[in-house]
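# Commentary on secondary and tertiary structure
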Amino acid sequence: MPQIDVNQLSQAKANVTLTQTLLDQAIEKVNSDPTLAQEALKQASNEISSALSAVTQAQNSAKASPTE
């Protein structure tokens, strides 16, 4: 059975949670502080990229691990 790197999945989950927070922040600030909202969106985008990378690494480790 392939081994999935749980640490990578946990990292992805943390990235997604932070993304949710940043998107909430952007929504709250979009009218009162568009610059802050834009920065939150940029950070959210970076977190999404990090989450995707962590998931990809977990998938690759599962494919690379020997099957029994």
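Residues numbered from 1 in each chain as written. Predicted model: local features only at pLDDT ≥ 70, side-chain atom pairs only at ≥ 80, totals over all residues. Heavy atoms only, no water.

We now examine the overall build of the chain. Per the secondary structure count, the chain includes two helices and zero strands. For the chain, the C-alpha radius of gyration of 16 Å lies well beyond 11 Å, the compact-globule estimate for 68 residues. The principal-axis extents of the C-alpha atoms in the chain amount to approximately 55 × 15 × 10 Å. Counting over 68 residues, the chain shows a buried share of 22%. Across the chain, contacts joining residues at least 24 apart in sequence account for 71% of those joining residues at least 6 apart. Surface accessibility of the chain: about 5000 Å² in total, with carbon and sulfur atoms responsible for 55%. Positive and negative side-chain charges in the chain, numbering 4 and 7 respectively, have mean positions lying 3 Å apart. (Helix = DSSP H or I, 4+ residues; strand = E, 2+ residues; numbered from the N terminus. Rg over C-alpha atoms; globule rule 2.2 N^0.38 Å. Buried < 20%, exposed > 50% of the residue type's maximum accessible area, 1.4 Å probe, protein only. Contact = heavy atoms within 4.5 Å. Areas by Shrake-Rupley, 256 points an atom, 1.4 Å probe, with all protein chains shown as cover. Lys, Arg positive; Asp, Glu negative; His and termini not counted. Charge placed at Lys NZ, Arg CZ, Asp CG, Glu CD.)

Before going further, it helps to spend a moment on helix α1 (residues 6-29). With 24 residues, α1 ought to run about 34 Å at 1.5 Å a step, and its terminal C-alpha atoms sit 35 Å apart, in line with that. When α1 is considered as a whole, its buried residues turn out to be Gln8, Ala12, Asn15, Thr19, Leu22 and Ala26. Close packing links the buried residues of α1 with α2 (34-64). (Expected span 1.5 Å × (residues − 1).)

On the surface, a cluster of nonpolar side chains totalling about 220 Å² of accessible area is made up of Ile4, Leu9 and Val55. Tracing the backbone shows isoleucine 4 in the segment before α1. (Patch = residues over 30% accessible without salt bridge, like charges linked within 9 Å, V, L, I, M, F, W, Y side chains within 5 Å. Salt bridge = Lys/Arg side-chain N within 4 Å of Asp/Glu carboxyl O.)

Take α2 next. Helix length check: α2 (31 residues) gives 45 Å between terminal C-alpha atoms against 45 Å at 1.5 Å per residue, within 8%. When we look at burial in α2, the residues that qualify are Ala37, Ala40, Ala44, Glu47, Ala51, Ala54, Ala58 and Ala62. Among the structural elements, α1 are those in contact with the buried residues of α2.

Moving on, we get to the side chain of glutamate 47. Locating glutamate 47 in the fold gives a position in helix α2. No salt bridge is formed by the buried glutamate 47; its nearest oppositely charged neighbour, lysine 13, is found at 14 Å.

With respect to the helices and strands, the residue asparagine 15 is situated in helix α1. Asparagine 15 gets classed as buried once you look at its relative accessible area, which sits at 5%. When neighbours within four sequence positions are excluded, asparagine 15 is seen to be in contact with Glu47, Ser50 and Ala51.

Glancing now at the packing of α1 against α2. The contact between α1 and α2 brings their axes to 8 Å, and the two run at 165°. If you check the angle between α1 and α2, you find them roughly antiparallel. Every pair of crossing elements has a handedness; the one defined by α1 and α2 is left-handed. Residues of the contact of α1 with α2, tallied by class, amount to 18 nonpolar, eight polar and two charged. (Axes fitted to C-alpha atoms, helices over the stretch in contact; angles between N-to-C directions. Parallel < 35°, antiparallel > 145°, perpendicular 65-115°, else oblique. Left-handed = near helix turned anticlockwise from the far one by under 90°. Nonpolar A, V, L, I, M, F, W, Y, C, P; charged D, E, K, R; others polar.)

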